[in-house]
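# Descriptive structure summary
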Amino acid sequence: DVKVTQSSRYLVKRTGEKVFLECVQDMDHENMFWYRQDPGLGLRLIYFSYDVKMKEKGDIPEGYSVSREKKERFSLILESASTNQTSMYLCASSSPRVTYEQYFGPGTRLTVT
Amino acid sequence: RKEVEQDPGPFNVPEGATVAFNCTYSNSASQSFFWYRQDCRKEPKLLMSVYSSGNEDGRFTAQLNRASQYISLLIRDSKLSDSATYLCVVNKAAGNKLTFGGGTRVLVKP
């Protein structure tokens, strides 16, 4: 069974803080993704990575950065958290052979006050 | 205009009934299509792919209409456990990126 884990289920941070969200997958997948999910807007892709140290911007990368130092780990960084980054953050991974089947982690509900 | 649009619902469905809903996509170059399911407070999971000829998986039938740029999902003999949000997903080109719709919420009631 594929397992994608995220470091926290709930997180509360203050405006201006630097925030790290960690994601780990155990299926040796090359592809990893970070999304945010907001009511009415669905899942929106922030960044993705198709290999170690490789990253590509998704649809809404502003205010975020990512790090992929190891194949199993993909980190999302909010350099200076703002209230409009309050959201559910979902990490996913997939094999390059079956790119359409993404396996998601349980999500991190981030609140920025 | 959103790339992938869905009626958010909710669709309130009596147990045992049939429910169908659509999803429209704006990019005619879109190549592949999928339905994901997301239970309340859970992560999305792949439900089924949508093929040009249509496909069926048990009580679920998916159809693709390229001319009108929409896909559909039909659920027959609805079960209480079918209550979920169904996400329409489009892959614009061969590659890694998927575009998700906002989801259609289905509530099956006894």
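Above: the structure in question.
Conventions and cut-offs
- Residues numbered from 1 in each chain as written.
- Chains lettered and ligands numbered in written order.
- Predicted model: local features only at pLDDT ≥ 70, side-chain atom pairs only at ≥ 80, totals over all residues.
- Heavy atoms only, no water.
- Helix = DSSP H or I, 4+ residues; strand = E, 2+ residues; numbered from the N terminus.
- Rg over C-alpha atoms; globule rule 2.2 N^0.38 Å.
- Buried < 20%, exposed > 50% of the residue type's maximum accessible area, 1.4 Å probe, protein only.
- Contact = heavy atoms within 4.5 Å.
- Areas by Shrake-Rupley, 256 points an atom, 1.4 Å probe, with all protein chains shown as cover.
- Lys, Arg positive; Asp, Glu negative; His and termini not counted.
- Charge placed at Lys NZ, Arg CZ, Asp CG, Glu CD.
- Pairing = 2+ DSSP bridges.
- Polar contact = N/O pair within 3.5 Å; in protein donor to acceptor, adjacent residues only side chain to side chain.
- Buried area = accessible area lost by both parts, 1.4 Å probe.
- Salt bridge = Lys/Arg side-chain N within 4 Å of Asp/Glu carboxyl O.
- Disulfide = S-S within 2.5 Å.

## What to know about the overall build of chain B
- Of the regular secondary structure elements, chain B holds 0 helices and 11 strands.
- Helices (α) and strands (β) of chain B occur, in sequence order from the N terminus, as β-β-β-β-β-β-β-β-β-β-β.
- By the compact-globule yardstick of 13 Å for 110 residues, chain B fits well, its C-alpha radius of gyration being 13 Å.
- Its C-alpha atoms give chain B principal-axis dimensions of roughly 40 × 30 × 20 Å.
- Burial statistics for chain B: of 110 residues in total, 43% are counted as buried.
- A separation of at least 24 residues holds for 57% of the contacts in chain B among residues at least 6 apart in sequence.
- Total accessible area on chain B is roughly 5,400 Å²; 47% of this is exposed by carbon and sulfur atoms.
- Averaging the positions of the 14 positive and the 10 negative side-chain charges in chain B gives two centres separated by 5 Å.

## Remarks on the side chain of Asp38 of chain A
- Of note, Asp38 of chain A is situated in strand β4 (residues 31-38).
- When neighbours within four sequence positions are excluded, Asp38 of chain A is seen to be in contact with Arg44, Thr86 and Ser87 of chain A.

## With respect to the pairing of strand β11 (residues 108-112) of chain A
Residues and elements named next belong to chain A.
- Burial of the side chains of β11 is restricted to one face: Thr108, Leu110 and Val112 are buried, whereas none of Arg109 and Thr111 on the reverse face is.
- Pairing of strand β2 (residues 10-13) with β11, which is carried by 4 bridges, proceeds in the parallel orientation. Considered in β11, the bridge of Tyr10 is made with Arg109.
- Pairing of strand β9 (residues 87-94) with β11 involves 3 bridges; the strand directions are antiparallel. By the bridge assignment, Tyr89 is partnered in β11 with Thr108.

## A look at the side chain of Gln37 of chain A
- Topologically, Gln37 of chain A is positioned in strand β4.
- Here Gln38 of chain B takes part through its side chain, which lies 2.8 Å from a polar atom of the side chain of Gln37 of chain A.
- When neighbours within four sequence positions are excluded, Gln37 of chain A is seen to be in contact with Gly42, Leu43, Ser87, Met88 and Leu90 of chain A together with Gln38 of chain B.

## What to know about the interface of chain B and chain A
- Taken together, the contact pairs 18 residues of chain B with 20 residues of chain A.
- When the buried area of chain B at its contact with chain A is split by residue, Asn96, Lys97 and Phe100 of chain B rank highest and sum to 35% of it.
- Linking chain B with chain A are 1 salt bridge, by the criterion used here.
- Asp59 of chain A is the salt-bridge partner of Lys97 of chain B, the closest N and O atoms lying 3.8 Å from each other.
- Summed over the shared surface of chain B and chain A, the result is 4 residue pairs in polar contact (both at pLDDT 80 or more).

## A word on the state of the cysteines
All names here are of chain A.
- With the rule as written, the count across this model stands at 2 disulfides over all chains.
- At a sulfur-sulfur separation of 1.8 Å, the disulfide partner of Cys23 is Cys91. Its S-S torsion of about -75° marks the bond between Cys23 and Cys91 as left-handed, since a negative value means left-handed. Of this pair, Cys23 sits in strand β3 (residues 19-25) while Cys91 sits in strand β9, placing them 68 residues apart in sequence. As far as the burial class goes, Cys23 and Cys91 line up, both buried.

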